[in-house]
Amino acid sequence: MSPTRRTTRRSLARRRVPRAAALALLLATATACANDVPEADWSRGLLPGHITEEGNVVQSLWNGAWIAALATGAVVIVLIVWASIFHRKRRAKAELPPQVRYNLPIEMLYTLIPLVMVSVFFFFTARDSERLTQISGNAPVKVKVEAYQWSWRFTTTVNGKTLPPVSGVPVSDYNQGPQLVLPTKTKVEFDLQSDDVIHSFWVPEFLFKRDVIPGIPEDNPGRKFEITTLDRTGVFAGRCAELCGVDHSRMLFSVKLVPQAEFDQYIATQQAGSAQ
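Worth saying up front: this structure is predicted, and the values here are computed from it rather than measured. (Residues numbered from 1 in each chain as written. Predicted model: local features only at pLDDT ≥ 70, side-chain atom pairs only at ≥ 80, totals over all residues. Heavy atoms only, no water.)

*Asks:* Looking at this structure, I do not really get helix 2 (residues 53-86). What am I missing?
*Replies:* Since the α-helix advances by 3.6 residues per turn, residues separated by three or four positions end up pointing in the same direction. Look at helix 2: 50 Å from first C-alpha to last across 34 residues, which is about the 50 Å you get at 1.5 Å a residue. Looking at the buried residues of helix 2, the elements they touch are strand 2 (47-48), helix 3 (104-132), strand 10 (208-212) and strand 11 (224-228). (Helix = DSSP H or I, 4+ residues; strand = E, 2+ residues; numbered from the N terminus. Expected span 1.5 Å × (residues − 1). Contact = heavy atoms within 4.5 Å.)

Okay, here's the thing in structure tokens:
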């Protein structure tokens, strides 16, 4: 090996080592900062555990999509392997294998099977989407969500009584952001509003998110959605899932689910504080 080539390889190695170290540091830093990422489970298709009844709908649709995709992939792989083994060109034979062009039954099969698959996917997706967008209008807890650059304001109304709003500022930890307190086993209606740009209201444990789009009239059902919380307490991270500006990554908040008795105490405390 020539000295020039050896020197070139050494210089390339010297350049690669700092780059690899910088990449490793970046990955470690990103992992350390992602303290709001919920734990996923293979048994749930890598989705986090849900905290709403609507999460059951999403989980079922997700599982069905994976089952269908894996079944389709298995059939395709089997066909590829079968064709590779049984339709290899043999040296002793120069002729082509039997062709299926202009075979009407096979061509109809090629068309009907994808059509049926897409129709089934569309049916279940449309059915579940309609379920997720239903608004009963009789939720005892209603939350007005105002998204702005770069935080959130939550105004909760319980049985017609409005609590003082909870506002936040950009933070690096969701525990330091504004906290929305909700009761377990209760229907909650959300009304989303933005005065500047498009944001996206996302709590991973809801298993779905909704865009917060400015300019939608207040009486438009497109800015509302409804959930029913499960009997699962805890604090759950939330964030904006739409790139909205320089502090988008710090637009963090939390949702705290508490038993009904604790929620009643929270309401009394908030009302007493606003009266003073």
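Still to come is the rest of the account.
*Asks:* Whenever I open this one, the side chain of Glu226 confuses me. Can you help?
*Replies:* With respect to the helices, strands and loops of the structure, Glu226 is situated in strand 11. Look at Glu226: it is buried, it has no salt bridge, and the nearest opposite charge is Lys187 at 4.2 Å. Polar side-chain contacts of Glu226 include one of 2.9 Å to the side chain of Ser136. Ignoring anything within four residues of it in the chain, the contact list for Glu226 reads Glu54, Gln134, Ile135, Ser136, Gly137, Ala139, Lys187, Val188 and Glu189. (Buried < 20%, exposed > 50% of the residue type's maximum accessible area, 1.4 Å probe, protein only. Lys, Arg positive; Asp, Glu negative; His and termini not counted. Salt bridge = Lys/Arg side-chain N within 4 Å of Asp/Glu carboxyl O. Polar contact = N/O pair within 3.5 Å; in protein donor to acceptor, adjacent residues only side chain to side chain.)

*Asks:* When you look at the sheet that holds strand 10 in this model, what are you seeing that I'm missing?
*Replies:* One open sheet holds the five strands; their spatial order is 7-13-12-9-10, and the pairing between them is mixed. The open sheet terminates on both sides in strands that have one partner only, identified here as strand 7 (179-183) and strand 10. The average angle at which neighbouring strand axes cross in this sheet is 25°, direction not considered. As paired elements, strand 12 (residues 234-240) and strand 13 (residues 252-258) share six bridges and run antiparallel to each other. Within strand 13, the position partnered with Gly234 by the bridge is Leu257. (Pairing = 2+ DSSP bridges. Axes fitted to C-alpha atoms, helices over the stretch in contact; angles between N-to-C directions.)

*Asks:* Which parts of the structure should I look at to understand a nonpolar patch on the surface?
*Replies:* On the surface, a nonpolar cluster with roughly 520 Å² of combined accessible area is contributed by Ile77, Val81, Trp82, Ile85 and Phe86. For Trp82, the location among the structural elements is in helix 2. In this structure Trp82 comes out as partly exposed when scored by relative accessible area, which is 45%. (Patch = residues over 30% accessible without salt bridge, like charges linked within 9 Å, V, L, I, M, F, W, Y side chains within 5 Å. Areas by Shrake-Rupley, 256 points an atom, 1.4 Å probe, with all protein chains shown as cover.)

*Asks:* I'm lost on the pattern of salt bridges in this one. Help?
*Replies:* Close approach of charged atoms allows side chains with opposite charge to pair. Under the definition given, this model contains six salt bridges. Here Lys224 ties to Glu189 by a salt bridge, and the two come within 3.8 Å at their closest N and O atoms. Highlighted residues: Lys224 in strand 11 and Glu189 in strand 8 (residues 187-194), separated in sequence by 35 residues. Judged by its relative accessible area of 6%, Glu189 falls in the buried class.

*Asks:* Looking at this structure, how should I read the packing of helix 2 against helix 3?
*Replies:* Relative to each other, helix 2 and helix 3 sit at 170°, their axes nearing to 10 Å. The orientation of helix 2 relative to helix 3 falls into the category roughly antiparallel. Contact residues: helix 2 offers Glu53, Glu54, Val57, Val58, Leu61, Ala68 and Thr72, while helix 3 offers Met117, Phe121, Phe124, Thr125, Asp128, Arg131 and Leu132. Along the lines of polarity and charge, the residues of the contact of helix 2 with helix 3 split into eight nonpolar, two polar and four charged. (Parallel < 35°, antiparallel > 145°, perpendicular 65-115°, else oblique. Nonpolar A, V, L, I, M, F, W, Y, C, P; charged D, E, K, R; others polar.)

*Asks:* What exactly am I supposed to notice about unusual backbone geometry here?
*Replies:* Trans is the prevailing form of peptide bonds, just as negative phi is the prevailing case for residues other than glycine. The amide bond that connects Gln149 to the next residue, Trp150, takes the cis arrangement and shows omega of 5°. Within the fold, Trp150 resides in the loop between strand 3 (141-148) and strand 4 (151-158). Although it is not a glycine, Leu46 adopts a positive phi angle of roughly 70°. Inspection of the secondary structure assignment puts Leu46 in the loop between strand 1 (40-41) and strand 2.

*Asks:* Help me out: how do you make sense of the pairing of strand 4 in this one?
*Replies:* In terms of residue burial, strand 4 counts as a mostly covered element, since six of its eight residues are buried. Across eight bridges, the pairing between strand 3 and strand 4 is antiparallel. Note that in strand 4 the partner of Lys144 across the bridge is Thr155. Joining the antiparallel neighbours strand 3 and strand 4 is a turn of two residues. Note that strand 4 and strand 6 (residues 166-167) share two bridges and pair antiparallel. Among the inter-strand pairings, Arg153 is bridged to a residue of strand 6, identified as Ser167. The antiparallel hairpin formed by strand 4 and strand 5 (residues 161-162) contains two residues in its connecting segment, where Asn159 sits at a positive phi of about 50°.

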